[in-house]
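Now for the letters of each chain:
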Amino acid sequence: MAEVNRRPSLLRKMNVLGLLCVCGLVILPTPVQAKTWVFAVGGNRRPWNFIGDDGVLKGADLDLIQAVCDVANQKCATTVVPTEACVQTVRGRFYPGEGLMAGWFDACTSYVSSIDRVNALQFTDPIRTTTSTFTVLQGNPKNFDPLNLQNAVIVHLNGAFTNEQCTIRIGLGRPKAVLVAAGIAEAKELLLNRTVDALFSPRTTFNDLEVLPGRYRCDVSGVGMMVKKDSELPVWWNPAFQKYYMSGRYNDACDQINQKYGVDDGDTCHPIKSSADTRSPPLPLLLSSVSLLLFSTQFYNWISST
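Residues numbered from 1 in each chain as written. Predicted model: local features only at pLDDT ≥ 70, side-chain atom pairs only at ≥ 80, totals over all residues. Heavy atoms only, no water.

A. Structural detail: the environment of phenylalanine 161. With respect to the element layout, phenylalanine 161 can be found in the loop between strand E12 (153-157) and helix H5 (164-169). The class of phenylalanine 161 is buried, set by a relative accessible area of 4%. Considered as a pair, phenylalanine 161 and valine 87 are 74 residues apart in the sequence and their alpha carbons are 9.6 Å apart. (Helix = DSSP H or I, 4+ residues; strand = E, 2+ residues; numbered from the N terminus. Buried < 20%, exposed > 50% of the residue type's maximum accessible area, 1.4 Å probe, protein only.)

B. Structural detail: the confidence of the model for the chain. Summary statistics for the chain give a mean pLDDT of 83 and a share of 75% for residues scoring 70 or more. The low-confidence segment residues 272-281 (pLDDT under 50) makes 14 contacts with residues lying over four places distant or belonging to another chain. The model gives residues 285-293 a pLDDT under 50, and that stretch makes six contacts with residues more than four places away or in other chains. (pLDDT = per-residue confidence, 0-100. Contact = heavy atoms within 4.5 Å.)

C. Region of interest: the sheet that holds strand E4 (residues 57-58). Read across the sheet, three strands follow the order E2-E3-E4 without closing on themselves; strand pairing throughout is antiparallel. Strands at the two margins of the open sheet, each flanked by one partner only, are strand E2 (44-45) and E4. By the bridge criterion, two bridges tie E2 to strand E3 (residues 49-51) in an arrangement that is antiparallel. Opposite arginine 45, over in E3, you have asparagine 49 as the bridge partner. (Pairing = 2+ DSSP bridges.)

D. Fine view of the sheet that holds strand E13 (residues 177-181). With mixed pairing, five strands are arranged side by side in an open sheet as E13-E12-E14-E11-E15. This sheet does not close on itself; its edge strands, each paired only once, are E13 and strand E15 (210-211). In the sheet, strand E11 (residues 133-136) pairs with E15 via two bridges, with the strands oriented antiparallel. Directly across from valine 136, in E15, lies its bridge partner glutamate 210.

E. The state of the cysteines, seen in detail. Per the stated rule, a full pass over the model turns up three disulfides. Disulfide pairing places cysteine 69 opposite cysteine 76 at an S-S distance of 2.0 Å. Judged by the sign of its S-S torsion, about -95°, the cystine formed by cysteine 69 and cysteine 76 is left-handed. Note that cysteine 166 is cross-linked by a disulfide to cysteine 218, the S-S spacing being 1.8 Å. Taking the torsion about the sulfur-sulfur bond, which here is approximately -85°, the covalent link between cysteine 166 and cysteine 218 counts as left-handed. Taken together, the residues span a long stretch of sequence, with cysteine 166 in helix H5 and cysteine 218 in the loop between E15 and strand E16 (223-227) at a distance of 52 residues. Per residue, the accessibility class of cysteine 166 equals that of cysteine 218, and both read buried. (Disulfide = S-S within 2.5 Å.)

F. A look at helix H2 (residues 60-72). The end-to-end C-alpha distance of H2, which contains 13 residues, comes to 18 Å, matching closely the 18 Å that a straight helix rising 1.5 Å per residue would cover. Among the residues of H2, Ala60, Asp61, Leu62, Leu64, Ile65, Ala67, Val68 and Cys69 are the ones counted as buried. Looking at the residues trailing H2, positive phi occurs at asparagine 73, about 55°. (Expected span 1.5 Å × (residues − 1).)

G. Structural view of the pattern of salt bridges. In this structure the tally under the stated criterion is eight salt bridges. The residue aspartate 197 makes a salt bridge to lysine 142 at a minimum N-O spacing of 3.0 Å. Taken together, the residues span a long stretch of sequence, with aspartate 197 in the loop between helix H6 (184-192) and strand E14 (198-201) and lysine 142 in the loop between E11 and E12 at a distance of 55 residues. Judged by relative accessible area, aspartate 197 falls into the buried class, the value being 14%. (Salt bridge = Lys/Arg side-chain N within 4 Å of Asp/Glu carboxyl O.)

H. Looking closely at the pairing of strand E1 (residues 36-41). The pairing of E1 with strand E5 (residues 75-80) spans six bridges and is classified as parallel. When the sheet's bridge partners are listed, alanine 40 is paired in E5 with threonine 79.

I. Focus on unusual backbone geometry. Cis rather than trans, the peptide bond between arginine 46 and proline 47 has omega equal to 10°. At asparagine 140, a position not held by glycine, the phi torsion is positive, near 50°. At asparagine 143, a position not held by glycine, the phi torsion is positive, near 55°. Examined against the element boundaries, asparagine 143 turns out to sit in the loop between E11 and E12.

Below, the structure written as structure tokens:
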């Protein structure tokens, strides 16, 4: 009896559905919009990302983001945030910024991978290289010597990878004291009033300060997009970046950076291997090429044996 009672109900539902179809009133699920990947920049690092005199955010980082997102067919956007939203130094140690961890955006653009940062976050394949330097007042009036760091007071920027942990790792030892500045302006002031002996940073040029000739490595694999460890951004970004890199468009864009935006702050583009350039591409690209070569060899041997 229960089976008989269910049939009219089912028929009624089918009739209603048929009527809706005839009338063109079938209600389909609303399509889910594709995710917009948001990349955070500081807006204060010419030529990579900066706000010009006209108030417009621009720079080589924005060009790269758009190019790689186009290759990956991903919808992307940029936003400007203070450094503390991405990185911060608390009691002498690095911690991720609240903005990145809380999901205000998906990636912090152009951050250096370092051991202390890798403890908490992950990075995409490197988009360029970097270095670390000591900067002093013109003429080095305090006679700062990186090899005598134990008697020196240094300053680094909040959340920077050029920190006390790096000086220990690279064999220079622990400074006498370390101060943390909120930005370059504060760090300069500490140098000018002689509170500190040197600034430890990735900068290679200053108009009014002297960058010492020594170059040090605090990074693991260069500069990349810094994301949370559970982020899926590297899944599509890395292959898209490699495709863009190998196409030659990356090299073309790098050649135009100084002309378009001026000022080189120490980070440099990866070299592209060409007939006129014997330098090697980044390791991830080399590994991909080796894997392809091995597969091709095995495939050829298989064909030959059949």
